[in-house]
Amino acid sequence: MFFIKNKVEEAAVAAAVAVNTIFDDDEQEDEEFEDFFRLVAAVGQERVALPETENYFEIVVPRFLLSDFKSHFRMSRTTFEELSLIIGEDLDTPQSHVAVMKKLAVAFWYFGNLEVYRSLSDRFGISKSTAWECVIDVAKSLCARAQNFIHWPTDQEIPIIQQEFYEMANFPGVIGAIDGSHIKISSPH
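A quick note: this is a predicted structure, and the numbers were derived from the prediction, not measured.

Quick notes on the rules
Residues numbered from 1 in each chain as written. Predicted model: local features only at pLDDT ≥ 70, side-chain atom pairs only at ≥ 80, totals over all residues. Heavy atoms only, no water. Core = buried A, V, L, I, M, F, W, Y, C linked by side-chain atoms within 4.5 Å. Buried < 20%, exposed > 50% of the residue type's maximum accessible area, 1.4 Å probe, protein only. Contact = heavy atoms within 4.5 Å. Salt bridge = Lys/Arg side-chain N within 4 Å of Asp/Glu carboxyl O. Helix = DSSP H or I, 4+ residues; strand = E, 2+ residues; numbered from the N terminus. Polar contact = N/O pair within 3.5 Å; in protein donor to acceptor, adjacent residues only side chain to side chain. Phe/Tyr/Trp six-rings, centres within 6.5 Å; stacked < 30°, edge-to-face > 60°. Lys NZ or Arg CZ within 6 Å of the ring centre and 35° of its normal. 1 Å grid on protein atoms, 1.4 Å probe; cavity = no way out; pocket = protein on both sides within 12 Å on 5 of 7 lines; lining within 4 Å. Points joined across faces, edges and corners; volume = space filled by probe spheres on them. Nonpolar A, V, L, I, M, F, W, Y, C, P; charged D, E, K, R; others polar.

**Q** Just give me the short version of the nonpolar core, but keep the residues and values in it.
**A** Judged by nonpolar contacts, the single largest core of 26 residues is most densely connected at Phe73, Leu104 and Phe124. The residues contacting Phe73, other than those within four sequence positions of it, are Val61, Phe64, Ala105, Phe108 and Trp109.

In C-alpha cells form, the structure reads like this:
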C-alpha cells in the first residue's frame with residue numbers, strides 16, 4: 001500500500017490507476033503499472049547526488065607514466081597534444097562546456113578501452129550524454145580529416161610494398177596493415 005504525501009503523488013496515483021484500469025489484462029501490465037507509478041511518484045522529489053570521480057582528467061591523468069598514458073589512450077602524450085592542435089578548432093565550439101583536451105581524452109579512452117558511457121562519465125566527471133557528445137564530436141572531426149592521414153598506395157607503390165611485406169613476414173599480397181582487430185584471425189602456418 002502506498003501512502004500519498006502530496007498533490008504530485010495524488011495525481012500520480014490517479015494517473016496510474018487510470019492507466020491500470022484501462023489496460024488491465026495481464027501480469028506484465030501490472031509490472032508496467034508499478035514501474036509507471038514509481039516514475040511518476042519520483043516527480044517532484046529532489047535528486048540525490050551520487051559520488052563521482054572528481055578531477056580525474058585534471059589531476060590523475062597528468063600523473064600517468066608515459067607507458068600508462070599510451071596504454072590507456074593508445075597513443076603517446078606527444079601525439080595526443082599534436083592531435084589536439086590539429087582538431088582542436090573543430091571541438092572548441094560555443095555550445096561546448098568541455099575543454100578540448102578533456103573531450104579528446106574522453107573519446108580516446110572510449111576508443112581504446114571500449115568502456116561504457118556510464119563508467120566513462122563517472123571517470124571524467126561528466127554526464128553520460130556529454131561523454132557521448134565528446135565521442136561523437138571527436139569521431140566526426142577525425143572522419144572529416146581522414147584523407148589527410150590515411151593514404152592508399154599508388155599503382156606504382158603497390159608492388160614495392162607487397163615485396164617489402166613478403167620479405168619481412170613471408171606474407172604475399174599485403175599492401176598495408178592496421179594495428180588491432182576485433183575479428184579473430186588464425187595465424188598462417
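**Q** Before we move on, could you go through the pattern of salt bridges and cite the residues and values that matter?
**A** For the structure on display, the rule yields five salt bridges. With a closest N to O distance of 3.3 Å, Glu58 and Lys102 form a salt bridge. Here Glu58, found in helix α3 (residues 56-60), pairs with Lys102, found in helix α6 (residues 100-113); they are 44 residues apart in sequence, far enough to count as distant. Arg145 is paired through a salt bridge with Glu89; the nearest N and O atoms lie 3.8 Å apart. Separated by 56 residues along the polypeptide, Arg145 in the loop between α8 (128-144) and α9 (146-149) and Glu89 in helix α5 (residues 77-91) bring together distant segments of the chain. Look at Glu89 and you get exposed, because its relative accessible area is 65%. Taken together, the shared-partner salt bridges in this structure form one network comprising Glu89, Asp90 and Arg145.

**Q** For the side chain of Glu115, give the residues involved together with the corresponding values.
**A** Locating Glu115 in the fold gives a position in the loop between α6 and α7 (117-124). Within the structure, Glu115 has its side chain in polar contact with the side chain of Arg123 (distance 3.5 Å). Excluding anything up to four places from it in sequence, Glu115 contacts Trp109, Tyr110, Leu120 and Arg123.

**Q** Which residues make up the environment of Ala105, and what values go with them?
**A** Mapping Ala105 onto the fold places it in helix α6. Distance from Ala105 to Val135, taken between C-alpha atoms, is 9.3 Å for residues 30 residues apart in sequence. When near neighbours in sequence (up to four residues on either side) are disregarded, Ala105 contacts Phe57, Phe73, Phe80 and Phe124.

**Q** Tell me about the packing of aromatic side chains, residues and numbers included.
**A** Both the distance between ring centres and the angle between the ring planes are used here to describe each pair of aromatic rings. What the rule picks out here adds up to 12 aromatic pairs. Judged by centre distance (6.2 Å) and plane angle (65 degrees), the ring pair of Tyr110 and Phe111 falls under edge-to-face. Judged by relative accessible area, Phe111 falls into the partly exposed class, the value being 33%. Pairing Tyr110 with Tyr117 gives two aromatic rings, centres 5.0 Å apart and planes at 15 degrees, and the pair type is stacked. On the accessibility criterion, Tyr117 (22% relative accessible area) is partly exposed. The rings of Tyr56, Phe57, Phe64, Phe69, Phe73, Phe80, Trp109 and Phe124 are connected pair by pair, giving a single aromatic cluster. Its guanidinium or amino end placed over the ring of Tyr56, Arg123 lies 5.1 Å from that ring's centre, counting from NZ or CZ.

**Q** Now, about the layout of surface pockets: what can you tell me, with residues and values included?
**A** By volume, the largest pocket amounts to about 730 Å³. Phe149, Ile150, Ala177, Ile178 and Asp179 are, among the 18 residues lining the largest pocket, the residues nearest its centre. It is α6 that provides the largest number of residues to the lining of the largest pocket, a total of three residues. Of the residues belonging to the lining of the largest pocket, the class tally is 13 nonpolar, three polar and two charged.

**Q** Please set out unusual backbone geometry residue by residue, giving values where relevant.
**A** Its identity as a non-glycine residue notwithstanding, Leu114 has a phi of 50 degrees, on the positive side. Position of Leu114 among the secondary structure elements: in the loop between α6 and α7. Of the residues examined, Leu114 reaches a relative accessible area of 54% and is grouped as exposed. We note that Asn170 has phi near 55 degrees; this positive angle belongs to a residue other than glycine. In this fold, Asn170 is placed in the segment after α10 (157-169). Among the residues examined, Asn170 registers a relative accessible area of 53% and is labelled exposed.

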